[in-house]
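So the chains spell out like this:
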Amino acid sequence: MTLLTPDQLEARLRQIGAERYHNRHPFHRKLHDGRLDKAQVQAWALNRYYYQARIPAKDATLLARLPTAELRREWRRRIEDHDGTEPGTGGVARWLMLTDGLGLDRDYVESLDGLLPATRFSVDAYVNFVRDQSILAAIASSLTELFSPTIISERVSGMLRHYDFVSEKTLAYFTPRLTQAPRDSDFALAYVRENARTPEQQKEVLGALEFKCSVLWTMLDALDYAYVEGHIPPGAFVP
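Summarised in this report is the structure supplied together with it.

Calculation notes
- Residues numbered from 1 in each chain as written.
- Predicted model: local features only at pLDDT ≥ 70, side-chain atom pairs only at ≥ 80, totals over all residues.
- Heavy atoms only, no water.
- Core = buried A, V, L, I, M, F, W, Y, C linked by side-chain atoms within 4.5 Å.
- Buried < 20%, exposed > 50% of the residue type's maximum accessible area, 1.4 Å probe, protein only.
- Helix = DSSP H or I, 4+ residues; strand = E, 2+ residues; numbered from the N terminus.
- Contact = heavy atoms within 4.5 Å.
- 1 Å grid on protein atoms, 1.4 Å probe; cavity = no way out; pocket = protein on both sides within 12 Å on 5 of 7 lines; lining within 4 Å.
- Points joined across faces, edges and corners; volume = space filled by probe spheres on them.
- Phe/Tyr/Trp six-rings, centres within 6.5 Å; stacked < 30°, edge-to-face > 60°.
- Lys NZ or Arg CZ within 6 Å of the ring centre and 35° of its normal.
- Expected span 1.5 Å × (residues − 1).
- Axes fitted to C-alpha atoms, helices over the stretch in contact; angles between N-to-C directions.
- Parallel < 35°, antiparallel > 145°, perpendicular 65-115°, else oblique.
- Nonpolar A, V, L, I, M, F, W, Y, C, P; charged D, E, K, R; others polar.
- Polar contact = N/O pair within 3.5 Å; in protein donor to acceptor, adjacent residues only side chain to side chain.

### Overview of the nonpolar core
Soluble, globular proteins show a tendency: their nonpolar side chains are buried together.
Here is step 1 of the chain: The biggest cluster of nonpolar side chains holds 74 residues, and the ones touching the most others in it are Leu13, Val41, Trp44, Leu143 and Val192.
Here is step 2 of the chain: Broken down by element, this core gets its largest block of residues, 13 residues, from helix α11 (residues 199-228).
Here is step 3 of the chain: Among residues more than four places away in sequence, those in contact with Val41 are Leu31, Leu36, Leu102, Met159, Tyr163 and Phe165.

### Details of empty space enclosed by the protein
Here is step 1 of the chain: Throughout the structure, instances matching the rule amount to two cavities of 30 Å³ or more.
Here is step 2 of the chain: Taken as a whole, the largest cavity encloses approximately 310 Å³ of empty space.
Here is step 3 of the chain: Along its surface, the largest cavity is lined by 25 residues, and Arg48, Tyr51, Glu145, Tyr173 and Arg177 are the ones closest to its centre.
Here is step 4 of the chain: Contributing elements (two or more residues each) for the lining of the largest cavity: α3 (38-63), α4 (69-83), α9 (148-162), α10 (174-195) and α11.
Here is step 5 of the chain: Per element, the largest residue contribution to the lining of the largest cavity is six residues, and it comes from α3.

### Side note on the environment of Glu168
Here is step 1 of the chain: Of note, Glu168 is situated in the loop between α9 and α10.
Here is step 2 of the chain: Under the relative-accessibility criterion, Glu168 is labelled exposed at 64%.

### Notes on the packing of aromatic side chains
Here is step 1 of the chain: What the rule picks out here adds up to 12 aromatic pairs.
Here is step 2 of the chain: Measuring from ring centre to ring centre gives 6.3 Å for Tyr108 and Phe237, while their planes differ by 45°; the resulting arrangement is tilted. In this pair, Tyr108 sits in helix α6 (residues 106-111) while Phe237 sits in the segment after α11, placing the two residues 129 residues apart along the sequence.
Here is step 3 of the chain: With relative accessibility at 28%, the residue Tyr108 sits in the partly exposed group.
Here is step 4 of the chain: Look at Phe129 and Phe211: their rings are 4.5 Å apart centre to centre, the planes differ by 15°, and that puts the pair in the stacked class. Taken together, the residues Phe129 in helix α7 (residues 117-132) and Phe211 in helix α11 connect sequence positions 82 residues apart.
Here is step 5 of the chain: We classify Phe129 as buried; its relative accessible area is 15%.
Here is step 6 of the chain: Using a relative accessible area of 25% as the deciding quantity, one classes Phe211 as partly exposed.
Here is step 7 of the chain: Through successive ring pairs, a cluster of aromatic residues spans Trp44, Trp95, Tyr173 and Phe174.
Here is step 8 of the chain: A cation sits over an aromatic face here: Arg78 above Trp75, 3.7 Å from the ring centre.

### Some remarks on the environment of Gly207
Here is step 1 of the chain: Its location among the elements puts Gly207 in helix α11.
Here is step 2 of the chain: Distance from Gly207 to Ile16, taken between C-alpha atoms, is 9.7 Å for residues 191 residues apart in sequence.

### With respect to helix α1 (residues 6-20)
Here is step 1 of the chain: In a regular helix each residue adds 1.5 Å, so 15 residues correspond to 21 Å; α1 covers 21 Å between its end C-alpha atoms and thus fits that length.
Here is step 2 of the chain: On the buried face of α1, the contacting elements are α10 and α11.

### Examining unusual backbone geometry
Outside of glycine, negative phi angles account for most residues, and trans bonds account for most peptide bonds.
Here is step 1 of the chain: Phi angles above zero are rare outside glycine, and Leu112 is one such case at about 65°.
Here is step 2 of the chain: Note on placement: Leu112 falls in the loop between α6 and α7.
Here is step 3 of the chain: You can call Leu112 partly exposed: its relative accessible area is 21%.

### A word on the packing of helix α2 (residues 26-33) against α9
Here is step 1 of the chain: Running from N to C, α2 and α9 cross one another at 45°; their axes reach a closest spacing of 7 Å. Classed by the angle they form, the pair α2 and α9 counts as oblique. Between α2 and α9, the contacting residues are His28, Arg29, Leu31, His32 and Asp33 on the first element and Ile151, Glu154, Arg155, Ser157, Gly158, Met159, Arg161 and His162 on the second.
Here is step 2 of the chain: Counted by class, the contact of α2 with α9 contains three nonpolar, five polar and five charged residues.

### Concerning the side chain of Gln180
Here is step 1 of the chain: Note on placement: Gln180 falls in helix α10.
Here is step 2 of the chain: Residue classification places Gln180 among the buried positions, given a relative accessible area of 11%.
Here is step 3 of the chain: Reaching out from Gln180, the side chain makes a polar contact with the side chain of Arg177 at a distance of 2.8 Å.
Here is step 4 of the chain: In this view, Gln180 contacts Asp81 and Arg94; residues no more than four positions away in its chain are not counted.

Below you can see the structure in the form of structure tokens.
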């Protein structure tokens, strides 16, 4: 791999998103287009909760390694966005409002008893990646947020249009993310453009984004196989 200019690197990153981001996954298309029943939407929300709940832990592992107060202040904001600044606030709490609204028992959701094995393995792999890889790769893995406003807009509009069992209140998690995700991705992209200075570092950055896209894709693969194809593994949520 030859050294890319920052603009060329950004173009490669955006190409990865265009090709691999999970808005292209068949399960997402079914969710957006109203082709899932309530039980299948419940399964999606329950499994996605584990991802949402582990994001602050993922960010905390990176925060502990950041070398400057400026970087730590920036990354700490992500933890506050998800954990909130007091009980009942933040993205994780808003996701529980979604599972509540879908009729899932909150204690059951938080127990994680109904997770698909692939959900647990995929999310844990992402947390471990951010913990164990370089700071540059860890930050680059967050760049899926470059593409999240598109999938959020599709998801919210499609679910409100097709499902009478959701409302704007049920989907309140997504509204702040329309501003938080671009803010966070702008910072991460600027960091990567500035700090990926060798072909090896640029390859690492591209691989980190591909890995994160694979995590999100694998989670939907598992949902599709279990709850659309009907192969629910032992111990997982049964509608």
